[in-house]
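# Summary of the model geometry
What follows is the residue order along each chain.
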Amino acid sequence: MSPTAIRHDLRNLAIVAHVDHGKTTLVDAMLWQSGAFRVGQEVAERVMDSGDLEREKGITILAKNTAVRHGGVLYNIVDTPGHADFGGEVERALTMVDGVLLLVDASEGPLPQTRFVLRKALARHLPVVLVINKVDRPDARIAEVVEETYELFLDLLDDSDAVAAGGPGVEAMDFPVVYASAKAGRASTHRPVDGQMPDSVDLEPLFATICEHIPAPTYDPDAPLQAQVTNLDASPYLGRLALCRVRNGTIRRGQQVAWCRADGSLERVRVAELLITEALDRVPTEQAGPGDIIAVAGLADVTIGETLADPEDPRPLPVITVDEPSISMTIGINTSPLAGESGTKLTARQVKARLDAETVGNVSIRVLPTERPDTWEVQGRGELQLAILVETMRREGFELTVGKPQVLTREIDGRLHEPTEWLTVDVPAEYVGVVSGLLGTRKGRLEQMVNHGTGWVRMEYLVPARGLIGFRTEFLTDTRGTGIAHHVFEGYEPWAGELRTRSTGSLVADRRGLVAAYASFNLQERGTLFVAPGTEVYEGMIVGENSRLDDMDVNPTKERKLTNVRSSTGEELERLIPARLLSLEQALEFAREGECVEVTPAAVRLRKVVISAAEREKRRGRGAAGGSAGR
C-alpha cells in the first residue's frame, strides 16, 4: 500500500446553501478579515458575484474560487450557486474540495436547495461544518433550525436513492455547528439567544472549526502527476484557462504534460502559463503541488473532466459526471417581421457556434439538432438555467426565437415517466386554501404541512415538473406577492396525465402597425395588455392575455376617427391601465403550445409560431377534420 502524505498548510472547501442564505456575504467577510483588501479599498458588496446578471438578480450563477490566507493556512474557498438549476456547477465544485460549509438561514431553515447540495456532498463522503447564519434576525429560531437540519441529514442518510451505494453512515451526523452573522463578520461555537449577535467579535471561531474538521489534502508522494480539469475560464491575454485540482505530483510552468482526453486519446502539450489564486486575483507561479487549485493556459480545446498527467506514466482520473437534464426548449434564429432591427448576430451559423461554445464550459447543458436547420433543442436543469443562457445571448447581440419549455420524459419498465420536483411553499395562513387549489390543478401531492405559529405556513409538495412551468407568476398573483416558493428536482414518477396550467387565451394582433391609445382603451376590457401605446406590433404577435380560454384576433392599431365636432371633454386622454411588460422568464412561463418568444437586444415579444392568421385557421381546420375522422 502506498504511503499517504498530508498538506497541513492547506484546506479546500466549498460553501453550499440554499439561494440567499448568505454564502457570498460570508466569503466577503472572510476575505476582509484575512487582509485580502487594504484599508480604504473600494470593494463591491458580494464581490464574488462578478457577472452583470449575478448582480442584477442577486444570485450566484457560476461557481468561483478564492483563496484566503489566515493563521499560516491557505483556505481555497469555492463559492457555489444556490439554485438547483445550476447544479452542474455545484457537482463540479465538489470534485475540487475536501469538505463543505453548509449554510442554513436561522429563520427559514433547510429548504429544497439545501437538500440538493447536501445530498451531493454526502454522496461524495465529504465532511460537513454546519453554519447557522443570520442568527441576529428578529425572527430567528436557532434551536428548531438545528433540529430540522439533523432531521434532513437523517432523511438523506436513509434515502438509498439520494446517497450513492456505499455512502456515508451515521458518522456523517457528527458535524460541528457554528453560529454566525455573515453581514456583521462574526461567528461563535456557542449558541446565542434568538435574534442576538454571536459572542465573538470576528470569524476566528469559524476558521478554527474549519481547520479542525475539514481534512487537509492527502496525496501519494510516489505517484506521478494527476490534475483534473473541473472548470474552464478565459483570459483576454492567455486564451482558454483550465481550472484544475492537483491530486498527485507537481506541475511546473513550461513543463510537458500528457493531456488525457475524454475520448481516451493522449496528447503531449506544454504548460504555457501556470496560475494560482490569491484573494480575487490569479497570479503566476513557477510550480504547484498536491491539493493546489490552479489555472493552466496552453490547452486550446481542453474540456471539463479531462486529466493532465505525467507524459512518462499517464494515469487519467475518472471523467466527471453530472445529473441528466430534465427540461428542454428550442432556440433558433429570429423569424419575425421585425427581425434584424436591433441585433447584430442573426444567422444560424452564429447561433449554433454560440450554443456549441456554451456546452464546452457548461457540462449540464446539451444541444441537439431538430428537423429544421436553423433551430436546435437545448436541454438543461430548469427554466432559470435556460433563461439565463438566452438572456446572456441577448446581451451579446443575438436575436432568437425561443420555444415553450418542455419536460424530458423517460420510459422505465415499459411505462412513461416524467420528472418531479420537491416544492416548498411559505405563505401567510390565509392563502393556504388558494395555494392548495392552485397546486391541485397541477397534480401536486402534499407531503407535509407545518404551521410555525407565526402566521406563516410551510407546505411541501411533490409536483410534476411541467406543472411548475408558469407556476411562479400565478402563485405570486394569487398570494398578493407575499408567497415564497422554491423547488428542486426529486426524481421520475409515472406520467400524471394531462395538465391545464393556463386557463386564459391570448390577444393576437391581426396586422402590423403602431399600438394606438384608442384601441388599447377598448381592448383592456377584454383582458390584460402586454404592449403600451406607440409599440410596433405585427400580425401573429401576442399583445395581451384574453380573460377567456380562447385566443382572439384583435386590431391594436385602430385610431379614433376625427370629426369637426368638439366638446369640453373631447380632448381628454383616455384612461389607460398601464401595460404589463413581461420579463424573459415571465414570457417563457406564459407561452403555451403553438406560441414562442422573440428575444432581441431591444425587446422580448410573445408571438404565435405560425404568424399568418389564415394559416393558423387552416391548420385548426385540418386538425378538427382529422379529429372528427378519427372519431
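See the structure shown above.
Scoring rules and cut-offs
- Residues numbered from 1 in each chain as written.
- Predicted model: local features only at pLDDT ≥ 70, side-chain atom pairs only at ≥ 80, totals over all residues.
- Heavy atoms only, no water.
- Core = buried A, V, L, I, M, F, W, Y, C linked by side-chain atoms within 4.5 Å.
- Buried < 20%, exposed > 50% of the residue type's maximum accessible area, 1.4 Å probe, protein only.
- Helix = DSSP H or I, 4+ residues; strand = E, 2+ residues; numbered from the N terminus.
- Contact = heavy atoms within 4.5 Å.
- Pairing = 2+ DSSP bridges.
- Polar contact = N/O pair within 3.5 Å; in protein donor to acceptor, adjacent residues only side chain to side chain.
- Axes fitted to C-alpha atoms, helices over the stretch in contact; angles between N-to-C directions.
- Salt bridge = Lys/Arg side-chain N within 4 Å of Asp/Glu carboxyl O.
- Expected span 1.5 Å × (residues − 1).

### Re the nonpolar core
Residues Leu 94, Val 100, Leu 102, Leu 118, Ile 132, Ile 142 and Phe 153 are the most contacted members of the largest nonpolar core, which totals 38 residues. Looking at this core element by element, the count peaks at six residues for helix H5 (residues 142-158). In contact with Ile 142, other than residues within four places in its own chain, are Ala 106, Ile 132, Val 135, Tyr 179, Arg 191, Pro 192, Val 193 and Asp 194. Counting 33 residues, the second-largest nonpolar core is a separate cluster that includes Val 367, Val 378, Met 393 and Ile 469.

### A look at the pairing of strand E5 (residues 99-105)
For E5, the tally of buried residues reaches seven of seven residues, placing the bulk of the element in the interior. Side chains of E5 alternate between two faces, with Gly 99, Leu 101, Leu 103 and Asp 105 and Val 100, Leu 102 and Val 104 buried alike. Bridging between strand E2 (residues 10-17) and E5 involves five bridges; their strand directions are parallel. Looking across to E5, one finds that Ile 15 is bridged to Leu 101. Pairing geometry for E5 and strand E6 (residues 128-133), over six bridges, is parallel.

### Details of the environment of Arg 261
You can see Arg 261 is positioned in the loop between strand E13 (256-260) and strand E14 (266-270). Between the C-alpha atoms of Arg 261 and Leu 308, which are 47 residues apart in sequence, the distance is 8.9 Å.

### Overview of the side chain of Asn 334
Its place among the elements puts Asn 334 in the loop between strand E20 (327-333) and helix H7 (348-361). Here the side chain of Asn 334 touches Ser 336 through a polar contact of 3.2 Å, landing on its backbone nitrogen. Engagement of the side chain of Asn 334 in a polar contact is seen with the side chain of Glu 598, the distance being 3.1 Å. When sequence neighbours within four positions are dropped, the list of residues in contact with Asn 334 reads Ala 339, Glu 399, Leu 400, Thr 401, Glu 598 and Thr 600.

### Remarks on the sheet that holds strand E11 (residues 239-248)
Taken together, the eight strands give an open sheet; going across it, the order is E14-E13-E19-E10-E11-E18-E15-E16, and neighbouring strands pair in antiparallel fashion. The open sheet terminates on both sides in strands that have one partner only, identified here as E14 and strand E16 (281-284). The mean inter-strand angle of the sheet, taken between neighbouring strand axes irrespective of direction, is 40°.

### Quick notes on the pattern of salt bridges
With the rule as written, the count across this model stands at 34 salt bridges. Arg 394 is the salt-bridge partner of Glu 391, the closest N and O atoms lying 3.3 Å from each other. With Glu 391 and Arg 394 both in helix H8 (residues 383-395) and three residues apart, this pair spans about one turn of that helix. Among the residues examined, Glu 391 registers a relative accessible area of 12% and is labelled buried. Across the salt bridge formed by Arg 580 and Glu 545, the nearest N and O atoms sit 3.4 Å from each other. With a gap of 35 residues between them, Arg 580 in the loop between strand E35 (552-554) and helix H12 (584-590) and Glu 545 in strand E34 (residues 541-546) connect regions that are remote in the sequence. We classify Glu 545 as buried; its relative accessible area is 17%. One salt-bridge network, in which partners are shared between bridges, spans Asp 105, Lys 134, Arg 137 and Asp 139.

### Quick look at helix H4 (residues 112-123)
The end-to-end C-alpha distance of H4, which contains twelve residues, comes to 17 Å, matching closely the 16 Å that a straight helix rising 1.5 Å per residue would cover. Counting buried positions along H4 yields eleven of twelve residues, so the element is predominantly enclosed. All buried positions along H4 are accounted for by Pro 112, Gln 113, Thr 114, Arg 115, Phe 116, Val 117, Leu 118, Arg 119, Lys 120, Ala 121 and Leu 122. Backbone geometry just downstream of H4 places His 125 in the positive-phi region, at approximately 60°.

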